[in-house]
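# What the coordinates show
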Amino acid sequence: ELGVRSIGIPAISTGIYGFPVDAAAEVAVATVAGHVREKPGSLEHVALVCFSADAHAVFAAALAAYADEGPA
């Protein structure tokens, strides 16, 4: 709708608000993958933004699992 080609998605609620980082990673990865499946070529760059090395590791694992297994 806005015509964006790049987007950054921060894991903001996983900090002081306590949303589980593993759940956030799964939702973010599945949502981005679903969008890309529905509208191929609509995005050029997606940044999943993590604020700690621990969060990065969880998001990286979620991406790897999705790549290996596909959608749940």
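Reference entry: report on the structure contained in this document.

What follows is about helix α2 (residues 53-69). Here α2 contains 17 residues, and its C-alpha end-to-end distance of 24 Å stays within 8% of the 24 Å for a straight helix at 1.5 Å per residue. Among the residues making up α2, those that are buried are A55, F59 and A62. Burial along α2 is one-sided: seen end-on, the buried residues are contained in an arc of 55°. In α2, the exposed residues that point more than 90 degrees away from the buried face are A53, D54, H56, A67 and D68. Among the structural elements, α1 (21-38) and β2 (45-49) are those in contact with the buried residues of α2.

Pairing between strand β1 (residues 6-10) and β2: five bridges, direction parallel. Of the residues in β2, the one forming a bridge with I9 is L48. This β-α-β element, β1 to α1 to β2, shows right-handed connectivity.

It is worth spelling out the pattern of salt bridges at this point. Oppositely charged side chains can pair when the atoms bearing their charge come close. Under the counting rule described, the total for this entry stands at one salt bridge. Here R5 ties to E44 by a salt bridge, and the two come within 3.2 Å at their closest N and O atoms. Linking R5 in the segment before β1 with E44 in the loop between α1 and β2, this pair joins segments that are 39 residues apart in sequence. Since its relative accessible area comes to 35%, R5 is described here as partly exposed.

Time to look at the packing of α1 against α2. In contact at an axis separation of 9 Å, α1 and α2 are set at 45° when each is read in the N-to-C sense. In terms of orientation, α1 lies oblique with respect to α2. Both α1 and α2 take part in a crossing whose hand is right-handed. In this structure, α1 uses V21, D22, A24, A25, E26, A28, V29, A33 and R37 to contact α2, whose residues at the interface are A55, V58, F59, A62, L63 and Y66. Its residues placed into classes, the contact of α1 with α2 shows twelve nonpolar, no polar and three charged.

Cut-offs and rules
- Residues numbered from 1 in each chain as written.
- Predicted model: local features only at pLDDT ≥ 70, side-chain atom pairs only at ≥ 80, totals over all residues.
- Heavy atoms only, no water.
- Helix = DSSP H or I, 4+ residues; strand = E, 2+ residues; numbered from the N terminus.
- Expected span 1.5 Å × (residues − 1).
- Buried < 20%, exposed > 50% of the residue type's maximum accessible area, 1.4 Å probe, protein only.
- Arc of directions from axis to C-beta.
- Contact = heavy atoms within 4.5 Å.
- Pairing = 2+ DSSP bridges.
- Right-handed = clockwise from strand over helix to strand, strands pointing away.
- Salt bridge = Lys/Arg side-chain N within 4 Å of Asp/Glu carboxyl O.
- Axes fitted to C-alpha atoms, helices over the stretch in contact; angles between N-to-C directions.
- Parallel < 35°, antiparallel > 145°, perpendicular 65-115°, else oblique.
- Left-handed = near helix turned anticlockwise from the far one by under 90°.
- Nonpolar A, V, L, I, M, F, W, Y, C, P; charged D, E, K, R; others polar.

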